[in-house]
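Working through the structure, step by step
So the chains spell out like this:
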Amino acid sequence: MNHLLKLSDLTGPQIIQILDLADQLKYEKKHGIAHDHRLKGKTLGMIFEKSSTRTRVSFEAGMFQLGGHALSLSSRDIQLGRGESIKATARVLSRYVDGIMIRTFAQSDVEQLARFGSVPVINGLTDYCHPCQVLADLMTIRERKGKLEGLKMCYIGDGNNMANSLLVGGLRVGMTVAVATPDGYQPDPQALAEAAAYGEKFTLTNDRFAAAKDADVIFTDVWTSMRQEAETAQRAKAFAGWQVNRELMSCAKPDVMLQHCLPAHMDEEIAEDVFEEHVDEIYDEAENRLHAQKAVLVLCMEGK
Ligand code: CP
Ligand code: NVA
């Protein structure tokens with residue numbers, strides 16, 4: 001694997017290969033089996049143009065556990081924030097570090113970084129997608145359900161970066177995917193065009209109860225993503241009644257899992273009682289960011 005820019009660049013078997021390695025690295029970590037030889041002496045530069053808790057900490061801890069080092073580069077502190085181009089940033093960082101993780105706005109910036117840099121680039125979230133998160137999500141589902149193929153994934157809420165990556169990732173690994181959004185908040189047309197190739201395995205609706213019917217796993221995410229803060233009031237109105245709560249969960253299978261990439265807004269997109277009932281699997285999901293990303297780092301950077 002050269003880069004992780006978006007899940008659409010990966011085949012189903014490539015996603016499974018990442019999950020298999022993630023499981024192995026998690027096992028090794030839990031059993032004290034050292035794996036700090038894998039990225040010994042390597043450095044990851046992490047560019048942040050948006051806030052982060054999980055992505056920042058899991059990448060930095062992950063690099064350390066693999067024997068390498070990570071440095072956090074807020075766009076406020078580097079020249080990128082003062083207008084130095086992505087192209088120039090890619091060229092110069094490639095002279096210092098062995099890989100770059102970036103969290104930014106435009107997907108085209110991530111693609112450009114990969115094009116003009118000469119080291120692996122990993123997408124740590126854009127407005128378009130969140131591939132690292134969805135690898136951790138798929139890992140968590142497989143860990144708890146023992147498989148992915150044939151399960152029904154349901155996403156309720158805003159057709160945002162999480163929705164785009166979940167529907168592509170779920171379909172790639174053989175899941176059935178149902179997405180429910182209010183009208184006007186559908187996923188990106190590019191992700192929907194990909195989903196269309198999966199025929200009846202994908203449904204998009206504005207009926208959240210139909211989408212949740214017999215689901216094995218329900219996902220939701222915030223109604224207002226980073227950079228959309230000015231739309232908060234308008235979105236609160238559009239999403240009124242779209243909360244994932246007991247009534248919605250009761251449409252799913254009795255052993256349904258609930259996932260949220262976090263941070264969550266209690267009693268907005270998710271009812272706090274439902275969140276608390278599923279708190280272990282949601283924090284397993286957060287933990288698995290570490291293991292899934294270590295797999296991505298190894299596959300992109302080992303031996304380079
Ligand atoms: N889920 C996620 O990416 O969290 P952070 O924004 O804290 O990195
Ligand atoms: N959709 C959210 C995800 C945060 C991890 C956002 O982009 O803000």
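Throughout what follows, the structure given in this document is the object of discussion. Nothing here was measured: the structure is a model prediction, and the numbers come from that model. (Residues numbered from 1 in each chain as written. Chains lettered and ligands numbered in written order. Predicted model: local features only at pLDDT ≥ 70, side-chain atom pairs only at ≥ 80, totals over all residues. Heavy atoms only, no water.)

With respect to the overall build of the protein chain
We apply this condition: Only runs of H or I of at least four residues qualify as helices and only runs of E of at least two qualify as strands under DSSP, and these elements are numbered from the N terminus. Atoms counted for the radius of gyration: C-alpha only. Globule rule: 2.2 Å times the number of residues to the power 0.38. Note on classification: 1.4 Å probe, protein chains only; a residue is buried when its accessible area is under 20% of the maximum for its type, exposed when over 50%, partly exposed between these limits. With residues, only the protein chains shown are counted as cover, and all accessible areas are computed by Shrake-Rupley using a 1.4 Å probe. Positive charges come from Lys and Arg alone, negative charges from Asp and Glu alone, with His and the N- and C-terminal ends not counted. For this purpose, a charge sits on NZ of Lys, CZ of Arg, CG of Asp or CD of Glu.
Regarding its fold elements, the protein chain presents 12 helices and 9 strands. The C-alpha atoms of the protein chain give 19 Å as radius of gyration, which agrees with the globular expectation for 304 residues (19 Å, within 12%). When the 304 residues of the protein chain are sorted by exposure, 55% land in the buried category. For the protein chain, the accessible area works out to roughly 12,800 Å², and carbon and sulfur atoms hold 49% of it. Each charge class in the protein chain can be summarised by its mean position, and for the 34 positive and 42 negative side chains these summaries are 6 Å apart.

Comments concerning the site of ligand 2
Selection criterion: Nearness of a residue to a molecule or strand requires only that one of the residue's heavy atoms be within 4 Å of it. Pairs of N or O atoms within 3.5 Å make up the polar contacts considered here, provided that, within protein, one atom can donate a hydrogen while the other can accept it, and that residues adjacent in sequence are counted only when both atoms are side-chain atoms. Think of a 1 Å grid over just the protein atoms. A cavity is a set of points where a 1.4 Å probe fits yet cannot get out, a pocket is an open set with protein on both sides within 12 Å along at least five of seven lines, and lining residues have an atom within 4 Å of a point. Should more than half of a molecule's atoms lie within 2 Å of a pocket's or cavity's grid points, that molecule is taken to sit in it.
In the vicinity of ligand 2, the contacting residues are L125, N160, N161, D221, V222, S225, M226, C261 and L262. Measuring from a nitrogen atom of ligand 2, one finds a side-chain N or O atom of N160 at 3.4 Å. Within the side chain of S225, an N or O atom sits 2.7 Å from a nitrogen atom of ligand 2. When isolated, ligand 2 has an accessible area of 270 Å², and the protein chains bury 93% of it. When each cavity is represented as a set of grid points, ligand 2 is found to reside in the largest pocket.

Re the pairing of strand β9 (residues 257–260)
Short version of the rule: Paired strands, as defined in this entry, are two strands with at least two bridges between them according to DSSP.
Side chains of β9 alternate between two faces, with M257 and Q259 and L258 and H260 buried alike. Bridge count between strand β8 (residues 217–220) and β9: 4 bridges; the pairing is parallel. From the neighbouring strand, T220 faces β9, where its bridge partner is H260.

Here we look at the site of ligand 1
In plain terms, the rule: Each residue is assigned to one class: nonpolar for Ala, Val, Leu, Ile, Met, Phe, Trp, Tyr, Cys and Pro, charged for Asp, Glu, Lys and Arg, and polar for all the others, Gly among them.
Every residue near ligand 1 is listed here: S52, T53, R54, T55, R103, H130, Q133, C261, L262 and R289. Contacts to ligand 1 include R54, whose backbone N or O atom sits 2.8 Å from an oxygen atom. One can see that ligand 1 is located within the largest pocket. Grouping the constituent residues of the shell around ligand 1 by class yields 2 nonpolar, 5 polar and 3 charged.

Notes on the pattern of salt bridges
Basically, it comes down to this: By convention in these notes, a salt bridge is any Lys or Arg side-chain nitrogen within 4 Å of a carboxyl oxygen on Asp or Glu.
By the definition in use, this model includes 21 salt bridges. Across the pair D255 and K145 runs a salt bridge whose closest N-O atoms are separated by 3.6 Å. Here the residue D255 occupies a position in the loop between α10 (246–249) and β9, and K145 occupies one in helix α5 (residues 131–145), the gap between them amounting to 110 residues. What makes K145 partly exposed here is its relative accessible area of 23%. Salt bridges sharing partners connect three or more residues here, namely K26, K30, E143 and E287.

Topic: the sheet that holds strand β7 (residues 202–205)
Within a sheet, adjacent strands bond to each other through the backbone by hydrogen bonds, running parallel or antiparallel. Filter applied, for reference: Every axis corresponds to a line fitted to the C-alpha atoms, with the helix fit spanning only the stretch in contact, and the corresponding angles, defined between N-to-C directions, vary from 0 to 180 degrees. Any two residues whose heavy atoms approach within 4.5 Å at even a single point are treated as in contact.
Strand order in the open sheet formed by 5 strands is β7-β6-β5-β8-β9, and the pairing between neighbours is parallel. Sheet topology places β7 and β9 at the edges, where each strand pairs with a single neighbour. Averaged over neighbouring strand pairs, the angle between their axes works out to 15° when direction is ignored. Pairing of strand β5 (residues 152–156) with strand β6 (residues 176–180), which is carried by 5 bridges, proceeds in the parallel orientation. By the bridge assignment, C154 is partnered in β6 with A178. The strands touched by α5 within the sheet are β5, β8 and β9, with β9 carrying the most contacts at an inclination of about 160°.

Considering the nonpolar core
For clarity, the cut-off: Think of a nonpolar core as a cluster: buried Ala, Val, Leu, Ile, Met, Phe, Trp, Tyr and Cys residues, connected wherever their side-chain atoms sit within 4.5 Å.
Membership of the largest hydrophobic core comes to 56 residues, with the highest contact counts inside it found for L44, L135, L138, I141, L167, M175 and L297. If we skip the residues at most four places from it in the chain, L297 touches L39, L44, F59, M63, L66, I122 and E302.

Remarks on helix α2 (residues 54–65)
Stated formally: The span expected for a helix works out to 1.5 Å for each residue beyond the first. The arc in question is the one traced by the directions running from the helix axis out to the C-beta atoms.
Between its first and last C-alpha, α2 extends 16 Å over 12 residues, near the 16 Å set by a 1.5 Å rise per residue. The set of residues buried in α2 consists of T55, S58, F59, G62 and M63. The arc that holds every buried residue of α2, seen down its axis, measures 125°, which confines them to one face. Exposed positions of α2 whose direction lies more than 90 degrees from the buried face are V57 and F64. Tucked into the core, α2 has its buried residues touching β1 (43–48), β2 (69–74), β3 (99–103), β4 (121–123), α5 and α12 (279–301).

Examining the environment of G45
Following the sequence through the fold, G45 ends up in strand β1. Along the primary structure G45 and L4 are separated by 41 residues, whereas in three dimensions their C-alpha atoms are 15 Å apart. The residues touching G45, leaving out its near neighbours within four places in the chain, are L71, L73, V97, G99, I100 and M101.

Re a negative patch on the surface
The line we're drawing: Candidate patch residues must exceed 30% relative accessible area and have no salt bridge, after which like charges are joined if within 9 Å and Val, Leu, Ile, Met, Phe, Trp or Tyr side chains if within 5 Å.
On the surface, a cluster of negative charge is made up of D267, E268, E272 and E276. Looking at the secondary structure, you find E276 in helix α11 (residues 272–277).

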